[in-house]
Amino acid sequence: MHYIGFTIAIFIFSGFIQPIFMHWIWTTSGWMYNNTLMSHDVSYKDQAGGSLIHTMGGIMAICGGSTLGRRILFVQDIDESSIPPDSPGSVVTAYFLQIVGFIGLGVTSPFYKETPFPTNYLELVILNNVMAAAGGIMSVTILQFIVHKDVFNYWIMIRSMQGAIAGIVTIA
């Protein structure tokens, strides 16, 4: 039942709601792209789609949270036996794809032609993002070893991947 509801919500959202906002912000004929406000020319430039993506994600989260209600299972109720064997691989793959997406968001839009960029701009973006991810992983892993004294388990791996995302988001 949840899969059908999820599919219907994503179909409505990506087919009808998000394209309207994309038109308003990203196309030259959209009312947010160029407009006049109190006799001043104003424009809204969305760097790499960040505000549109996060606004739409927030709206979906509010709708989903208000529809579904509170969580039934809490984090403290999860033990090692409740994690399926294929879960760590799936989680690491999902986090890796998020990291690649964040690196892609770091590349600027061609609409910013007035900003001078160095010739090795793409290499600098990738290097900065990878270094930020590595710093986040190192910070979380060291804190995990100091606080919990664990050598390795599932949660260290998950928290390390979250640290990588936090590092990239920090510099974005």
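The structure under discussion appears in the preceding block.
The shown structure was predicted, so the numbers you read here are calculated from the model rather than taken from an experiment.

Asks: Kindly report on the packing of helix 4 (residues 121-148) against helix 5 (residues 154-171), identifying the contributing residues and their values.
Replies: With their axes 7 Å apart at the nearest point, helix 4 and helix 5 run at an angle of 140° to one another. Compared by their axis directions, helix 4 and helix 5 come out oblique. Crossing of helix 4 against helix 5: the hand is right-handed. Two secondary-structure elements touch here, helix 4 through N128, N129, A132, A133, G136, I137, V140, T141, Q144 and F145 and helix 5 through I156, R159, S160, G163, A164, G167, I168 and I171. Of the residues assigned to the contact of helix 4 with helix 5, the class counts are nine nonpolar, eight polar and one charged.

Asks: So what's going on with the nonpolar core? Which residues, and what values?
Replies: One finds Y95, I99, I103, A133, Y154, I158, M161, A164, I165 and I168 forming the largest nonpolar core, which totals 10 residues. Looking at this core element by element, the count peaks at six residues for helix 5. Sequence-distant contacts of A164, that is, excluding residues within four places in its chain, are made with I99, A133, G136 and I137.

Asks: Describe a nonpolar patch on the surface, naming the residues involved and giving the relevant values.
Replies: A cluster of nonpolar side chains, Y3, I4, F6, I8, I10, F11, I12, F16 and I17, forms an exposed patch at the surface whose accessible area comes to about 970 Å². Position of I10 among the secondary structure elements: in helix 1 (residues 2-26). Taking the relative accessible area as the measure of exposure, I10 reaches 33% and is therefore partly exposed.

Asks: Explain the packing of aromatic side chains to me, and be specific about the residues and the numbers.
Replies: Per the stated rule, a full pass over the model turns up three aromatic pairs. With centroids separated by 5.7 Å and ring planes inclined at 65°, the aromatic side chains of W24 and W31 adopt a geometry described as edge-to-face. For W24, a relative accessible area of 28% puts it in the partly exposed group.

Asks: Tell me about the pairing of strand 1 (residues 34-37), residues and numbers included.
Replies: When a strand is regular, its side chains alternate between the sheet's two faces. With four bridges joining them, strand 1 and strand 2 (residues 40-43) adopt antiparallel strand pairing. Its bridge partner being in strand 2, T36 is matched across the sheet by D41. Here strand 1 hands over to strand 2 after two residues, with M38 in that stretch at a positive phi of 50°.

Thresholds applied
Residues numbered from 1 in each chain as written. Predicted model: local features only at pLDDT ≥ 70, side-chain atom pairs only at ≥ 80, totals over all residues. Heavy atoms only, no water. Axes fitted to C-alpha atoms, helices over the stretch in contact; angles between N-to-C directions. Helix = DSSP H or I, 4+ residues; strand = E, 2+ residues; numbered from the N terminus. Parallel < 35°, antiparallel > 145°, perpendicular 65-115°, else oblique. Left-handed = near helix turned anticlockwise from the far one by under 90°. Contact = heavy atoms within 4.5 Å. Nonpolar A, V, L, I, M, F, W, Y, C, P; charged D, E, K, R; others polar. Core = buried A, V, L, I, M, F, W, Y, C linked by side-chain atoms within 4.5 Å. Buried < 20%, exposed > 50% of the residue type's maximum accessible area, 1.4 Å probe, protein only. Patch = residues over 30% accessible without salt bridge, like charges linked within 9 Å, V, L, I, M, F, W, Y side chains within 5 Å. Areas by Shrake-Rupley, 256 points an atom, 1.4 Å probe, with all protein chains shown as cover. Salt bridge = Lys/Arg side-chain N within 4 Å of Asp/Glu carboxyl O. Phe/Tyr/Trp six-rings, centres within 6.5 Å; stacked < 30°, edge-to-face > 60°. Pairing = 2+ DSSP bridges.

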